[in-house]
Amino acid sequence: MSTGIRSYWKNYIAGKWVDASNGGRLPVTDPATGQTICEVARGTTEDIDAAVAAARACFASRALQLMPPHERGALMFRIADELEKAADEIALVECRDNGKTLKNGHGEIPLTRRYLRYYGGLADKLEGRQIPLGDGMLDYTVLAPYGVSAQIVPWNGPLPVGARSIACALVTGNTVVLKSPEDSPLSLFLFAEACERAGVPAGAVNIVCGIGSEAGAALVAHDDIDHIVFTGSVETGKSVLRAAAERVVPCVMELGGKSGGIVFPDADLDQVAESAAAGIFKHAGQICSAGSRLIVHRSVYDDVVARLVAKAKALDVGPGIEGHTMGPLISAQQLERVIALCRFGVEEGATLATGGDRVAGLDGYFMTPTVFADVRPDMRIAQDEFFGPVVVVIPFDTTDEAIEIANGTDYGLAAGLYTRDLSTAHVVADRLVAGQVYVNQWWAGGVETPFGGMKRSGYGREKGQEALLGYVQTKNVGIRL
Ligand code: NAD
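What counts and what doesn't
- Residues numbered from 1 in each chain as written.
- Predicted model: local features only at pLDDT ≥ 70, side-chain atom pairs only at ≥ 80, totals over all residues.
- Heavy atoms only, no water.
- Helix = DSSP H or I, 4+ residues; strand = E, 2+ residues; numbered from the N terminus.
- Rg over C-alpha atoms; globule rule 2.2 N^0.38 Å.
- Buried < 20%, exposed > 50% of the residue type's maximum accessible area, 1.4 Å probe, protein only.
- Contact = heavy atoms within 4.5 Å.
- Lys, Arg positive; Asp, Glu negative; His and termini not counted.
- Charge placed at Lys NZ, Arg CZ, Asp CG, Glu CD.
- Pairing = 2+ DSSP bridges.
- Axes fitted to C-alpha atoms, helices over the stretch in contact; angles between N-to-C directions.
- Domains from an automatic or database assignment.
- Buried area = accessible area lost by both parts, 1.4 Å probe.
- Salt bridge = Lys/Arg side-chain N within 4 Å of Asp/Glu carboxyl O.
- Polar contact = N/O pair within 3.5 Å; in protein donor to acceptor, adjacent residues only side chain to side chain.
- Nonpolar A, V, L, I, M, F, W, Y, C, P; charged D, E, K, R; others polar.
- Core = buried A, V, L, I, M, F, W, Y, C linked by side-chain atoms within 4.5 Å.
- Phe/Tyr/Trp six-rings, centres within 6.5 Å; stacked < 30°, edge-to-face > 60°.
- Lys NZ or Arg CZ within 6 Å of the ring centre and 35° of its normal.

Right, let's talk about the overall build of the chain for a bit. When you go through the chain residue by residue, the secondary structure sums to 14 helices and 22 strands. Here the chain has a C-alpha radius of gyration of 23 Å; the compact-globule value for 481 residues is 23 Å, and the two agree. Its C-alpha atoms give the chain principal-axis dimensions of about 70 × 65 × 40 Å. Every one of the 481 residues in the chain was classed for burial, and the buried ones make up 57%. Here the contacts in the chain between residues at least 6 apart in sequence split such that 73% fall between residues at least 24 apart. Computed over 44 positive and 57 negative side-chain charges, the separation of the two mean positions in the chain equals 3 Å.

Written as structure tokens, this is what we have:
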């Protein structure tokens, strides 16, 4: 069966489309069928060397810095326009190599364009300060680019995650080498094509697909990079940080999460069910900030569990390309891991209210939407990130207890609460240890709002104006006149 996908994709280095240095290729699998749909060049250490050299040469040429900031901004607008022309192909590849639903696949394009336009619009609004030092002195700060920004993105949202980091880097005058995820590399190749058509200088953006432990490790350990942006798991993040520490390279780290939403007894339970189900079942739970724990007041506990179970059962799981409402997990290995964790949850004494196994009769890596009830906060299923469509529901009696449970994991990416009481909302939001707190709507916020982790979920911020500050370093110029 034709998938409508090009059969082979090359890496984009120094403004050229190139095979791997040794001719190697990687198969790309459709998680909805388990079948290989195409191949991509398997980036090597030599390819990473070439990409870093191209990014360094472009930075040294000052091609971007010589552009007035508003022109760098206009470049982002042109990339956004070029991306739109490839919208149908992008939606297709997001379904095929990533397992997204058609709706989500299409949704990636306006989202990515908004990032490009947002940072394009900020390009000429990044300003330093003038610091008064007294008579005869002039002092000012300059926000200088780092140089070559090495970027590693995860498979679950490569296009918007990659595009927003690249946009931040380019508008601040950095150049980029991005190692795209081996599980779902295709949309970033289409992004590179959009950059090429938009007139991004050769070498400013280099996209190399490769295995994490090969091309990824070679990139973050490279002698000639100046900055790292890593989005992925905590374990991989630690190894990236060890490599960065060797050469004291600054990092933005966006890591995993086990985010909890607290449901107070006065909450609108229709709203809770809608928001909490979307928060865990969108993209089959494979979102770092998924609401994977729900902490529910005992007086409404049974009601909330019943509503969540109904939402889970109403989902139509199947290949996203056919319009189903929940797609597959990314790989057989991830499916096995999620099922094993579910089995462990049952052994630990939690009640499997629905789901917990693969979807029978489908070839791909489909997991049933899963709800666990009677969960204790210390259970492994309440502590470990599943990265799958599994929500654990934990009861509480007092507000202090709810906050303790919400804050009681190693992670601190997102947290939420549902209440009609304004004071409760503000007081509890203040006490939750998380980079973002959602009140009455999971994922309230978006392109304009800073996003990142506390505790093991990382540091630095993506999205919003704050993100740009992660791509510049302050230089102070002090002058005796
Ligand atoms: P992962 O850590 O396995 O891989 C992430 C990226 O790192 C991939 O491109 C991979 O090839 C690369 N990589 C692997 N080993 C490497 C190494 N030794 N050196 C350098 N790079 C290496 O994560 P994943 O499975 O792709 O994504 C899921 C994880 O990402 C989850 O934990 C999720 O929470 C997290 N995530 C976080 C955010 C965020 O913004 N905080 C967003 C999306 C995903």
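Here we come to the sheet that holds strand 13 (residues 293-297). If you trace the seven strands from one edge of the open sheet to the other, you get 14-15-16-13-12-18-19, paired in mixed fashion. Each of the sheet's edge strands pairs with one partner strand only, and the pair in question is strand 14 (351-354) and strand 19 (436-439). Each neighbouring strand pair of the sheet contributes to a mean axis angle of 25°, computed without reference to strand direction. With five bridges connecting them, strand 13 and strand 16 (residues 390-396) associate as parallel partners. Bridging across to strand 16, valine 296 finds its partner in proline 395. Together, strand 12 (260-263), strand 13, strand 15 (370-373), strand 16 and strand 18 (414-418) form the strand contacts of helix 9 (residues 269-281), whose direction differs from that of strand 18 by roughly 160°.

Along its sequence, the chain is carved into domain 1 (8-255 + 458-480) and domain 2 (260-446). Measuring from the centre of the C-alpha atoms in domain 1 to the corresponding centre in domain 2 gives 31 Å. Each partner contributes to the interface: domain 1 provides 22 residues, whereas domain 2 provides 24 residues. Across the domain 1 to domain 2 interface the summed buried area is about 1,800 Å²; carbon plus sulfur atoms make up 64%. It is Pro31, Ala32 and Trp155 that lose the most area in domain 1 upon contact with domain 2, and together they represent 28% of the buried surface on that side. Counting the contacts that link domain 1 with domain 2 gives zero salt bridges. Across the contact surface, domain 1 and domain 2 share seven residue pairs in polar contact (both at pLDDT 80 or more). Mapped by element, the contributors of at least two residues to the side of domain 1 that touches domain 2 are helix 3 (87-96) and helix 4 (102-122). Element by element, the count of residues in the side of domain 1 that touches domain 2 is highest for helix 3, at three residues. Partitioned by chemical class, the residues of the side of domain 1 that touches domain 2 number eight nonpolar, eight polar and six charged.

Counting 67 residues, the largest nonpolar core has Ile262, Val263, Leu294 and Val375 as the members making the most contacts within it. For leucine 294, the residues in contact, after removing those within four places along its chain, are Gly261, Val263, Ala276, Val304, Leu308, Val391, Val392, Val393, Ile394 and Tyr418. If you look at the next biggest cluster of nonpolar residues, it comprises 60 residues, including Met67, Met76, Tyr118 and Phe191.

On inspection of all chains with the given rule, the structure shows seven aromatic pairs. Note on tryptophan 9 and phenylalanine 189: the rings are 6.0 Å apart at their centroids and 20° apart in plane angle, and the pair reads as stacked. With tryptophan 9 in strand 1 (residues 8-9) and phenylalanine 189 in helix 6 (residues 186-198), this pair connects stretches of sequence that are 180 residues apart. The two residues tryptophan 9 and phenylalanine 189 agree in class, both being buried. When the ring of tryptophan 155 is compared with that of phenylalanine 387, the centres are 6.1 Å apart and the planes differ by 90°; the resulting orientation is edge-to-face. Pair noted here: tryptophan 155 is in the loop between strand 7 (148-152) and helix 5 (158-171) and phenylalanine 387 is in the loop between strand 15 and strand 16, with a separation of 232 residues, a long-range link. Each member of the pair tryptophan 155 and phenylalanine 387 is classed as buried. Sitting above the plane of the tryptophan 443 ring, lysine 282 keeps its charged end 5.8 Å from the centroid.

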